[in-house]
Amino acid sequence: MRVKLFISTLLFLMLNAALLYAQDPGAPCSAQDVDLGNCPLDSWVVVIAVAAVIFAAWHLNNQQKKSSRSF
């Protein structure tokens, strides 16, 4: 029961954060912040996520190779 409650609370908080930090669909590239340029970072989130997954897999693979050599 506690696990289901924890997972449902976590999913609720993640959904809430995604809704709060989402872009306005009416103006995806509005110049609200002059430091960002034409488009904000939200348009490249998928590329950054893929790069993070590749880096994490590479790092974990290297860690596994190091631990298997010590035996």
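Residues numbered from 1 in each chain as written. Predicted model: local features only at pLDDT ≥ 70, side-chain atom pairs only at ≥ 80, totals over all residues. Heavy atoms only, no water.

A word on the overall build of the chain. For the chain, the helix and strand inventory stands at two helices and zero strands. By residue count, 1% of the 71 residues in the chain fall in the buried class. (Helix = DSSP H or I, 4+ residues; strand = E, 2+ residues; numbered from the N terminus. Buried < 20%, exposed > 50% of the residue type's maximum accessible area, 1.4 Å probe, protein only.)

Here we take up the packing of aromatic side chains. All told, the structure shown has one aromatic pair when counted by the stated rule. Summarising the aromatic geometry, the rings of F55 and W58 are spaced 5.9 Å apart at their centres and angled 40° between planes, so their arrangement reads as tilted. With a gap of three residues between them, F55 and W58 both fall in helix α2 (residues 45–69), about one helical turn apart. For the pair formed by F55 and W58, the shared burial category is exposed. (Phe/Tyr/Trp six-rings, centres within 6.5 Å; stacked < 30°, edge-to-face > 60°.)

On the surface, V3, F6, I7, L10, L11 and M14 cluster together into a nonpolar patch covering about 610 Å² of accessible area. Tracing the chain through its elements places I7 in helix α1 (residues 2–20). (Patch = residues over 30% accessible without salt bridge, like charges linked within 9 Å, V, L, I, M, F, W, Y side chains within 5 Å. Areas by Shrake-Rupley, 256 points an atom, 1.4 Å probe, with all protein chains shown as cover. Salt bridge = Lys/Arg side-chain N within 4 Å of Asp/Glu carboxyl O.)

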